[in-house]
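# Analysis of the macromolecular model
Below are the chains, spelled out letter by letter.
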Amino acid sequence: MRPIIKNLIFFTVLTIVSTSVSAQKFSDLAKTPPMGWNSWNKFGCDVSESLIREVADAMVSSGMRDAGYIYLNIDDCWHGERDSLGFIHENAERFPSGMKALADYVHSKGLKLGIYSDAGTKTCGGHPGSRGHEYQDAITYAGWGIDYLKYDWCNTGELKAKEAYITMRDAIYAAGRPMVFSICEWGTDKPWTWGGEVGHLWRTTGDIVDCWDCELGHGNWNSNGIMKILDMQKDIRQYAGPGHWNDPDMMEVGNALTVSESRAHFTMWCMIAAPLIAGNDIRTMSKETTEILTNKEVIAINQDILGVQGFKLYDYGDVEIWVKPLANDEWAFCFLNRAGTPQTAELNWNENAIYDAVSGKNVEFHKTTYNLRDLWAKKSLGTTQTNFKAAIPAHDVILLRLSK
Ligand code: GLA
């Protein structure tokens, strides 16, 4: 074979190999559920450079950063227009110093910056989407120093979800800057069945709203309260794990919920290994909200390295018992009171056993004794030798960590 043809074949093979190697997500990110803050739930389209700088400062002073909330994510409406070459720019009035300077500021605080786009022609808020500009946008974000991309699904017409998200995944990888890729397809095309290779988290439902158990109509779509969203997570826990998480949407802790409801909401998001993306005003949050969001022992349930999504063991009346297998054969047990009146949490440990096919973790309490710790009261509660009985306030939880 003539050397020139040999070389041609060699380079063709190399190109094919390197193209297929590049077709992947950044795999070392989000080994535990991502933690951070996002502007949408509280501020909607009212985003600006000053807001993000102030929230960055508050993430540090409130202890949020040190509790693990690293990503500061700007949602919809940061956009200006595309220029004549098709590159997207930030809204210069809202972000006068530019996105790069903002990223530098956020990074200087020990935080990471996230941004939002959409697979369609326009975002849900009517700003330029990334369709047809995926590689250009990924390069722009990488140049700005972006660390996280939430990618929405409005105005996508006939696009196929998996393919559209793969295009952006590949664009991010080609741009070369590691970014958590957050798939926001609302669960329509079962992203849990294909999202693991494409992104690091995927929305499982439509939008959350800050009420306990309501459903709110918005014309052609509905948003759902905390309990409704929780109920929609059934039967998909086997798809979650290190690097790829079911996302029941960003939190409403500290918004229009009672303290009990915020505590229960936060606890359940921890039990189901959900990404912990706060959605309240960190600058002005109450002491109670701060204590909920920064309870390190509760966060540790969410961030447990086994990475198993918890599940409902059984319920009686309005009380549900949820469990989450943890590393080192430990367990989290949560009693959730869905009712608007106090209820009693009761459990005879010795009569209970758990065989979890998803994690392969089993426990028979008549054979193994565990110590109990109440993670909200922050105190030890004896062992599984004694039957458990305690009052749960309305719309609240008791959360126990079981260790040997
Ligand atoms: C959709 C998403 C929300 C938010 C808005 C922004 O509704 O599901 O989380 O990003 O768009 O317009």
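Higher on the page you've got the structure.
Residues numbered from 1 in each chain as written. Predicted model: local features only at pLDDT ≥ 70, side-chain atom pairs only at ≥ 80, totals over all residues. Heavy atoms only, no water.

## Looking at the site of the ligand
Neighbouring the ligand are 13 residues; D75, D76, K150, D152 and D207 lie closest to it. Contact between the ligand and D76: an oxygen atom at 2.8 Å from a side-chain N or O atom of the residue. Within the side chain of R203, one N or O atom sits 3.3 Å away from an oxygen atom of the ligand. Computed on the free molecule, the ligand has an accessible area of 310 Å², of which 94% lies beneath the protein chains in the complex. The residue inventory of the shell around the ligand, partitioned by class, reads 6 nonpolar, 1 polar and 6 charged. (Near = heavy atom within 4 Å. Polar contact = N/O pair within 3.5 Å; in protein donor to acceptor, adjacent residues only side chain to side chain. Areas by Shrake-Rupley, 256 points an atom, 1.4 Å probe, with all protein chains shown as cover. Nonpolar A, V, L, I, M, F, W, Y, C, P; charged D, E, K, R; others polar.)

## What about unusual backbone geometry?
A positive phi is found at C77, a non-glycine position, where the angle reads about 85°. Looking at where C77 falls in the secondary structure, it is placed in the loop between strand 2 (71-73) and strand 3 (79-82). Taking the relative accessible area as the measure of exposure, C77 reaches 4% and is therefore buried. Positioned with a positive phi, H395 is a non-glycine residue whose angle comes to about 50°. If you trace the backbone, H395 turns up in the loop between strand 21 (388-392) and strand 22 (397-403). Residue H395 is classed as buried on the basis of its relative accessible area of 16%. (Helix = DSSP H or I, 4+ residues; strand = E, 2+ residues; numbered from the N terminus. Buried < 20%, exposed > 50% of the residue type's maximum accessible area, 1.4 Å probe, protein only.)

## Let's talk about the sheet that holds strand 20 (residues 379-383)
The 6 strands are arranged 13-14-15-22-19-20 in an open sheet whose pairing can be described as antiparallel. Looking at strand neighbours, the two that pair on one side only are strand 13 (311-316) and strand 20, the edges of this open sheet. Between one strand axis and the next, the sheet turns by 25° as a mean value, whatever way the strands run. Most of the contacts of helix 9 (residues 259-271) go to strand 15 (residues 331-337), to which it runs at about 145°, and overall it touches strand 14 (319-325), strand 15 and strand 22. (Pairing = 2+ DSSP bridges. Axes fitted to C-alpha atoms, helices over the stretch in contact; angles between N-to-C directions. Contact = heavy atoms within 4.5 Å.)

## Points about helix 5 (residues 99-108)
Those residues of helix 5 not exposed but buried are M99, L102, A103 and V106. Projection of helix 5 onto a plane perpendicular to its axis shows the buried side chains occupying an angular sector of 100°, all on one side. Those residues of helix 5 hidden inside the fold are in contact with helix 3 (49-61), strand 2, strand 4 (88-90), strand 5 (112-118) and helix 6 (134-144). Positioned one or two residues after helix 5, G110 has a phi angle of 80°, which is positive. (Arc of directions from axis to C-beta.)

## Brief notes about the pattern of salt bridges
The tally for this structure, following the rule as stated, stands at 26 salt bridges. Of the charged contacts, one joins D57 and K109 as a salt bridge, the two residues approaching to 3.7 Å between their closest N and O atoms. One end of the pair, D57, is in helix 3; the other, K109, is in the loop between helix 5 and strand 5, with 52 residues separating them in the sequence. Its relative accessible area of 32% is what places D57 among the partly exposed residues. Residue classification places K109 among the partly exposed positions, given a relative accessible area of 25%. Put simply, K287 and E291 hold a salt bridge, and the shortest N to O gap is 3.2 Å. (Salt bridge = Lys/Arg side-chain N within 4 Å of Asp/Glu carboxyl O.)

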